[in-house]
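Commentary on secondary and tertiary structure
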Amino acid sequence: MSKNIALITGVTGQDGSYLSEFLLAKGYEVHGIIRRSSVDFRERIAHLEGTPNFHLHYADMGDSMSLVKLVGKVQPTEIYNLAAQSHVQVSFDAPEFTADVDAVGVLRVLEAVRTNHLEKTCKIYQASTSELYGKVEEVPQNEKTPFHPYSPYAVAKLYGFWIIKEYREAYDMFCCSGILFNHESERRGETFVTRKITLAAARIAQGKQECLYLGNLDSLRDWGYAKDYVECMWLILQHDKPEDFVIATGVQHTVREFATLAFHHAGIELRWEGEGVNEKGIVVSGPAALVGKTVVAVSEDFYRPTDVVNLWGDPTKAKNELGWNPQTTSFEQLVQIMVKHDMEKVAADHVASVMRTNLAEYLEKGLVK
Ligand code: NAP
Ligand code: F7E
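Residue numbers restart at each chain and count upward from 1, following the sequence in its written direction. By the order in which they are written, chains take letters starting at A while ligands take numbers starting at 1. Selection of residues for local features in this predicted model requires a pLDDT of at least 70, selection of side-chain atom pairs for listing and counting requires 80 or more, and totals for whole chains, interfaces and linings are taken over all residues. Derived side-chain values reflect all non-hydrogen atoms in the structure, with water molecules and hydrogen atoms excluded from consideration.

Observations regarding the overall build of the protein
- Check the secondary structure of the protein and you find ten helices and 15 strands.
- Two things to know: the radius of gyration comes from C-alpha atoms, and the globule rule equals 2.2 Å times the number of residues to the power 0.38. Over its C-alpha atoms the protein spans a radius of gyration of 22 Å, differing by no more than 12% from the 21 Å that the globule rule assigns to 369 residues.
- C-alpha atoms of the protein, sized along the principal axes, occupy 65 × 60 × 40 Å.
- The 369 residues of the protein split such that 49% are buried.
- We call two residues contacting when some pair of their heavy atoms lies within 4.5 Å. Within the protein, contacts between residues at least 6 apart in sequence are counted, and of these 73% link residues at least 24 apart.
- In short, Shrake-Rupley with a 1.4 Å probe defines the accessible areas, and a residue's cover is counted only from the protein chains shown. Roughly 17,000 Å² of accessible area belongs to the protein as shown, and the carbon and sulfur atoms make up 53% of that amount.
- When charges are counted, Lys and Arg contribute as positive and Asp and Glu as negative, whereas His and the chain ends are disregarded. The location of each charge is read from NZ of Lys, CZ of Arg, CG of Asp or CD of Glu. Charged side chains of the protein number 38 positive and 49 negative; the gap between the two group centres comes to 5 Å. Starting at the N terminus, helices and strands are each numbered in turn, a helix being any DSSP run of H or I of at least four residues and a strand any DSSP run of E of at least two. Think of it in three bands: residues with accessible area under 20% of the maximum for their type are buried, residues over 50% are exposed, and the middle band is partly exposed, with areas taken using a 1.4 Å probe on protein chains only.

Below, the structure is given as structure tokens:
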């Protein structure tokens, strides 16, 4: 039997790290693309480095030759194209870079496969997104819902979606898009709204931060757990024919609801007062020093020029055709997992900082050599 060899772009990201673990556990040889930066920051995959079947290579989504050479060297049987400038708000500040990586980058991967004559042996998964529905034209959204991208990120991802479909039809390649709705975890980047909230709730509960500033509290998202979603990426490539799938939980909540529950798990009950930019989250019960204080406020700095406000996925096709369970981890469990992790992280960071301060003091006093 031939060996399963996966190449993951975006291996250092939230999804790349969970997918690597998932594929290694299935016996795959896993290769990941990393890019050079002045500080080596590979926290999410540090525990995998040194694992016999796990290999990292330098390449960049903006550099065709690096991708062509790497695909030729690795000879993957499956490519998971997860690399992207994935922050919607940042795409308004860096639209050209976002287009290069998130749109043309997909084309570069497809062409790297064709250049190496692997189009009949290598399947490709493209990390597509619910942001394609953007200014939504129906709720909930399924595979037939029209797209209406509403940010430079979404417009770039729309190109990725269509070029995957085009190569599937033009060259008979097994390439598919997973249209994934928001998925979060304790490894989520700290500027996405869920992680920003869980970290702030933990810091506020432990006296390390006074107030959390957010943008649109009414925004609705269908939030799932990233660990559950990587299984679906693999299932899409194991399906008997190449097709696109919506991956979502089918349950929708506001940013305000996420914050209320996150603070609850951090031991703080909130009540909400005011509207729009004047809305505030005030502590009703919790640590005595916080009762009556405003710990959540709205800042226009986090409003977007165009915001996607009503995402709600219909995962029926993935459930019926892939046998995937969209309810493995509930919204309530997801928030609890993230807050528990961040409560422990904030406490550990505090201990580490006290130890550093003490050590500096001991060194200064000549107590430690
Ligand atoms: P993430 O944590 O932001 O990870 C993005 C990855 O892309 C990182 O490994 C990053 O590398 C890499 N990358 C960025 N630019 C690159 C370049 N020029 N060359 C090579 N690598 C580059 O994103 P994620 O949440 O895991 O999401 C994975 C994919 O799914 C993305 O394509 C995202 O757009 C898409 N998606 C995510 C969600 C979600 O809710 N998480 C939903 C739908 C779709 P560095 O570590 O070096 O920055
Ligand atoms: O925003 C609102 C914000 O940045 C969610 C990416 O993984 O999922 C992600 O994109 C909502 C938006 O994620 C703040 O306006 C309020 O309506 O967590 P987010 P996103 O934009 O949905 C999709 C599916 C992807 O494909 C992307 O790669 O929350 N919001 N206040 C805020 N958002 C942030 N970041 N920060 C705030 O303070």
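There's more to say after this.
Quick word on the sheet that holds strand β5 (residues 123-129)
- The sheet built from seven strands is open, its strands ordered β3-β2-β1-β4-β5-β6-β11 with parallel pairing. Two strands bound the open sheet, and with one partner strand each, they are β3 (54-58) and β11 (245-247). The average angle at which neighbouring strand axes cross in this sheet is 20°, direction not considered.
- Note: β5 against strand β6 (residues 175-180), six bridges, orientation parallel. Counterpart to A127 in the pairing with β6 is G178. Here the rule is simple: two strands pair whenever DSSP picks up at least two bridges between them. Helix axes are fitted only over the stretch in contact, all axes being lines through C-alpha atoms; the angle between N-to-C directions runs from 0 to 180 degrees.

A look at the pattern of salt bridges
- Every case where a carboxyl oxygen of Asp or Glu lies within 4 Å of a side-chain nitrogen of Lys or Arg is listed as a salt bridge. If you walk through the whole model with that rule in mind, you get 17 salt bridges.
- Residues R256 and E279 are paired through a salt bridge, measuring 2.6 Å at the closest nitrogen-oxygen approach. Separated by 23 residues along the polypeptide, R256 in helix α8 (residues 255-265) and E279 in the loop between β13 (269-273) and β14 (280-285) bring together distant segments of the chain.
- Overall, R256 belongs to the buried group, its relative accessible area being 18%.
- One salt-bridge network, in which partners are shared between bridges, spans D40, R42 and E49.

Side note on the pairing of β14
- By the bridge criterion, five bridges tie β13 to β14 in an arrangement that is antiparallel. Bridging across to β14, L270 finds its partner in V283.
- The turn joining β13 and β14, which pair antiparallel and follow one another in sequence, is formed by six residues; a positive phi near 85° is taken by G274.
- Here β14 pairs with strand β15 (residues 294-298) via three bridges, running antiparallel. Bridge assignment links K280 to a residue of β15, and that residue is A297.

Observations regarding the site of ligand 2
- Only heavy atoms are used to decide nearness, and a residue is near a molecule or strand if one of them lies within 4 Å of it. Around ligand 2, a shell composed of 24 residues is seen, among which S86, T129, Y153, S219 and R304 lie nearest.
- The definition of a polar contact used here is a pair of N or O atoms within 3.5 Å, where within protein one atom must be able to donate a hydrogen and the other to accept one, and adjacent residues in sequence count solely through side-chain atom pairs. Contacts to ligand 2 include Y153, whose side-chain N or O atom sits 2.7 Å from an oxygen atom.
- At 2.8 Å from an oxygen atom of ligand 2 is found a side-chain nitrogen or oxygen belonging to N182.
- For ligand 2, the accessible surface in isolation is 700 Å², of which the surrounding protein chains cover 96%.
- Among the secondary structure elements, those contributing two or more residues to the shell around ligand 2 are α6 (193-205) and β8 (212-214).
- Each residue belonging to the shell around ligand 2 can be placed in one class, and the counts come to nine nonpolar, nine polar and six charged. Lys, Arg, Asp and Glu make up the charged group, whereas Ala, Val, Leu, Ile, Met, Phe, Trp, Tyr, Cys and Pro make up the nonpolar group; the residues left over, Gly among them, are polar.

Some details on helix α4 (residues 95-115)
- For α4, with 21 residues, the first-to-last C-alpha span of 28 Å sits near the 30 Å given by 1.5 Å per residue.
- The sharpest bend along α4 reaches about 40° and sits at G105.
- Buried within α4 we find T98, V101, D102, A103, G105, V106, R108, V109, L110, A112 and V113.
- For α4, the elements touching its buried residues are α2 (64-74), β4 (78-81), α3 (88-93), β5, α5 (152-171) and β6.
- After α4 finishes, the residue H117 shows a positive phi value of roughly 55°. Each helix should span, by expectation, one fewer than its residue count multiplied by 1.5 Å. Two axes enter the bend calculation: one fitted to the seven residues ending at the residue in question, the other to the seven starting there, and the bend is the angle between them.

Observations concerning the environment of L217
- Examined against the element boundaries, L217 turns out to sit in the loop between β8 and β9 (220-221).
- Spatially, the C-alpha atom of L217 lies 18 Å from that of E131, the residues being 86 residues apart in sequence.

Let's talk about unusual backbone geometry
- Residue P140 is bonded to the preceding V139 through a cis peptide linkage, with omega at -15°.
- The topology assignment puts P140 in the loop between β5 and α5.
- For H117, which is not glycine, the phi torsion reads 55° and is therefore positive.
- You can see H117 is positioned in the loop between α4 and β5.

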